Amino acid sequence: MEARLGEGSDARSLETRIDQMHGRDRRGALAFVIGLWVTILFTLFTIWPLISEGGIRIVLGIAALLVLAFNTAAIVAMLRHYGDDKSFIYGLDIMHLDEMRRRKRL
C-alpha cells in the first residue's frame, strides 16, 4: 500500500511512517521491560541480606517473580496486538497528527 498523505512531512508514505512509529513503540516497550527487570532485581538483591526471616524471603522472591512475569507478558501481548493492528492504530494517530499540524499552520 503506497498511500501518501497530501501534506505529510517530506511526503513519506503512510506505511513507512506507520512502521517508524511502531518501531519506536517497540523500542520504548523493550526499554521499559529491561528497566523494570533491572530495578526489581537490583532492589531484591540489595535488600535480600537484610531479611533474616526465611518466609519473608520466599514471599518477596515469589512476588518479585510474579510482578516481572505478569508485566513482561502484558507488554508482549500489547506489542503483538499493536503488530496485528498497526495500520489501524498508527494510521489513526498519523491522521490526527497531520490534522493538528495543518491547523497550526492556518
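Here is what the cut-offs are and how they apply
Residues numbered from 1 in each chain as written. Predicted model: local features only at pLDDT ≥ 70, side-chain atom pairs only at ≥ 80, totals over all residues. Heavy atoms only, no water. Salt bridge = Lys/Arg side-chain N within 4 Å of Asp/Glu carboxyl O. Helix = DSSP H or I, 4+ residues; strand = E, 2+ residues; numbered from the N terminus. Buried < 20%, exposed > 50% of the residue type's maximum accessible area, 1.4 Å probe, protein only.

K.L.:
Can you lay out the pattern of salt bridges for me, pointing to particular residues and giving the numbers?
P.N.:
Taken as a whole, this structure holds five salt bridges when the rule is applied. Here Lys-86 makes a salt bridge to Asp-19, at a shortest N to O gap of 2.8 Å. With Lys-86 in helix α3 (residues 86–105) and Asp-19 in helix α1 (residues 14–47), the pair connects residues that are 67 residues apart, well separated along the chain. Take Lys-86: its relative accessible area is 21%, and that puts it in the partly exposed class. The residue Arg-102 makes a salt bridge to Glu-99 at a minimum N-O spacing of 2.5 Å. Within this pair, Arg-102 and its partner Glu-99 are both found in helix α3, separated by three residues, close to a single helical turn. For Glu-99, a relative accessible area of 27% gives the class partly exposed. Members of the salt-bridge network, linked through shared partners, are Arg-17, Asp-98 and Arg-101.

Coordinates in, geometry out; function isn't part of it.
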